[in-house]
Every structure is written in C-alpha cells, then in structure tokens.
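# An overview of the molecular structure
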Amino acid sequence: MNQSKAIPDEQALLDELSAPDQGVIDTLSALSGDLLLLGAGGKIGHGLALMAQRAIREAGAKSRVIAVSRFSGPDIRKAMEDDGIHTIACDLADHRAVEALPDASDIVYLAGQKFGTSSNTSLTWALNCFVPGITAQRWRDSRIAFYSSGNVYPFTPPASRGPTEKEETGPVGEYAQSVLGRERVFEHFSRAQGTRMACIRLSYACEPRYGVLVDIAERIMRGRPVDLTQGHVNIIWQGDCNRVTLKSLDITQSPPAIINLSGPQYPVESLATKIAGALGRDLEFTGSPAPTALLMNSDHCWSLFGPPAVDVDEMISRVAAWLVAGGKTMGKPTHFQERNGKF
C-alpha cells in the first residue's frame, strides 16, 4: 500500500474533498447572489458546501453559501455551522416552508430518496417528482443544477462503454423511474418558465467513508466473497464530483443541459483484486459477469471540465489506508450489485 496516499483523519479528508480548483473559483466568483444547496444534509452536502464557501472566499466575493435540509440529526448541521456555513432547517415538500426560504441566484439541488423505495414507493415518487416542481416554481429566475442518476439508463454491454447523454433512457424499477420523473418535472418547468438548468446524471462517487470501493473492501475484510454478476462499474472521486457539480452552473440552459458525471468503467474483478492487494487480504469471488451492466459514458463531461484529478489507483490506495487504520465509514452501502432496480 502506498502510505503517501493515506488521509489521516476526517478533517483532512474534508479538506481534500472541498478543495476548489480555479474553474470552481471562477464560476462562483461570478455569482450575482447567494448559492442555495437544497437537500444538503446527506453524504455529499458538507464537502460540497465547504468547497463552495472556500471558492467564494478565495475569489473575494460576497455571496453566501446556504445549506438547506431537514437536518433530522444535529451532527451534520453543527459541523457545517462550525465551518461557517449558514444552515436552514426546512422540509422541502412543504410549500409554505419553501416559500419562506431566501432568494438565491443559484441553486444546487441534492434532494431525493433511493433506499427504502421498495417499502414506500409513494414517498419516493413524492420526494423525487413533487419536490422538484416546488423548487422549480420557487426559484424560477435562478440557475439550477440538479442531481439525477445513471440509473435512468438501461443496462448495456461493457464493450459499448455505456450510454451517452444523447441516447435513450430506460430506467429499471420504480426508483429509477422516479429519478427520470425528477428530470422530466425539472425539464417541464425549465421549458415553461425559461429557467436555466443543468441535469447531472451521477454514478458512484467514492471516498474513504462510502462508495463502491468501500463496499468491496468491507466484504473482503469480512472474509466474504465479492459477487461478480454486476461485472463492471463507473466510479469517480467525490472531490472531482464536487468540482464538476459547482462548475455545471455555467452550462445551465433551457431546456436543461445534461451531463453524465462519472469516471471510466472498471471490471469489478480487477477492482477487487487491487483492493485485496492493498489490504493485504485473501480474496474470493462468486458469480460470473452478466452480459450487461449499469454504465455510462462521461466523455462529454470531461471534454467540458477537464479530466478527473484522482485516478482509480489513488482512490483504492486512499480507501484501503483509511480502512486499515480503522477510519469510520458512513454505513451507507451503494447496493451497486442490484440488477432488478429494487432498493
């Protein structure tokens, strides 16, 4: 294992995940008002909010970064406020509460539900389709970058390199269907109101506390076999994801611009072999790769924003070093192995 890649603690990790590049600084220095992050209480929100704040400060700009979430647990809200990020607790499904939120020139929309869909499908549809309509109407004159998912695409052969943004969607299961519904609701209001938007189809962001690499590594550390049925995946470092997310405000348009956000595709067998080597553990496999996988082609994204800064070998080194040192994880598996669309 390359110890030089080790990240010693959560503060150092957050510093790395929130480091803006010059493109982010340029984008946020030009904001005409505040930046609102909606649904910022999840696993992505803190690093993204801190990156935005750091970029604005480095640019000497005056815009505020405001993180909005239900904040059902107090820890993440306190951590953000300790970092000087302004927070507001709000249920985004409540029309009146949303109307009371501040105006903002720019919105990054992070809200949504994936896990628990199978047991409460109606709530998933409400959160993934109804709330976007409330948001789009409330900030009709703002630029809105919103997260979607690679789950809107059909399963494709690995040799195809996955669908581009121009290819037809084909969601499998109700979660994926509701995410496509989110896109369509935002698209409707973009067209009807002229609201400038960017749709970010994200697939498998990784860092040492969660992601596909952590899922595989934890199975190996527990002596469990790694399932190869979902034989290929796309992964991207969370810091690279954060940088593209903020810079995507510059490509907003009506109807929405669409970008696939992920890294190259990798065979799961190859990833697991490298992870086991970095961990110094034995490795077992089960299953054989299916002829198709949930993939996407992100060439367009990287032609716009430049290549990812962190490659797969560095990601593996960081994840392995973190876990070997006993670093905490978020306990939020990706379930990337699922092929039936049920979460």
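Scroll up to find the structure.
Criteria and cut-off values
- Residues numbered from 1 in each chain as written.
- Predicted model: local features only at pLDDT ≥ 70, side-chain atom pairs only at ≥ 80, totals over all residues.
- Heavy atoms only, no water.
- Phe/Tyr/Trp six-rings, centres within 6.5 Å; stacked < 30°, edge-to-face > 60°.
- Helix = DSSP H or I, 4+ residues; strand = E, 2+ residues; numbered from the N terminus.
- Buried < 20%, exposed > 50% of the residue type's maximum accessible area, 1.4 Å probe, protein only.
- Polar contact = N/O pair within 3.5 Å; in protein donor to acceptor, adjacent residues only side chain to side chain.
- Contact = heavy atoms within 4.5 Å.
- Pairing = 2+ DSSP bridges.
- Axes fitted to C-alpha atoms, helices over the stretch in contact; angles between N-to-C directions.
- Core = buried A, V, L, I, M, F, W, Y, C linked by side-chain atoms within 4.5 Å.

## Section: the packing of aromatic side chains
All chains considered together, the criterion is met by two aromatic pairs. With a centroid separation of 5.1 Å and 80 degrees between ring planes, the pair formed by Tyr109 and Phe186 is classed as edge-to-face. With Tyr109 in strand β4 (residues 106–109) and Phe186 in helix α7 (residues 173–193), the pair connects residues that are 77 residues apart, well separated along the chain. Per residue, the accessibility class of Tyr109 equals that of Phe186, and both read buried.

## Side note on the side chain of Ser149
Here Ser149 shows up in strand β5 (residues 143–149). A distance of 2.7 Å separates a polar atom in the side chain of Ser149 from a polar atom in the side chain of Asn151. Excluding its chain neighbours within four sequence positions, the residues that come into contact with Ser149 are Tyr175, Val179, Ile200, Arg201 and Leu202.

## A short note on the sheet that holds strand β2 (residues 65–69)
An order of β3-β2-β1-β4-β5-β6-β11 is seen for the seven strands of this open sheet, with the pairing classed as parallel. Looking at the sheet topology across the chains shown, the edges are occupied by β3 (86–89) and β11 (257–261). Taking the axes of each pair of neighbouring strands and ignoring which way they run, one obtains an average angle of 20 degrees across the sheet. Both strand β1 (residues 35–38) and β4 contribute to a ladder of four bridges, which runs parallel. Opposite Leu38, over in β4, you have Tyr109 as the bridge partner. Together, β2 and β3 form the strand contacts of helix α4 (residues 74–82), whose direction differs from that of β3 by roughly 155 degrees.

## Focus on the nonpolar core
Among the nonpolar cores identified, the biggest contains 42 residues, and Leu28, Leu35, Leu37, Leu202, Leu246 and Leu261 are the most heavily contacted of them. With seven residues, helix α3 (residues 45–59) is the largest single contributor of residues to this core. Setting aside chain neighbours within four positions, we find Leu202 in contact with Ile44, Tyr147, Ser148, Ser149, Gly150, Ile236, Cys241, Leu261 and Met296. Of all hydrophobic cores here, the second largest spans 33 residues; its members include Val233, Val268, Ala276 and Trp322.

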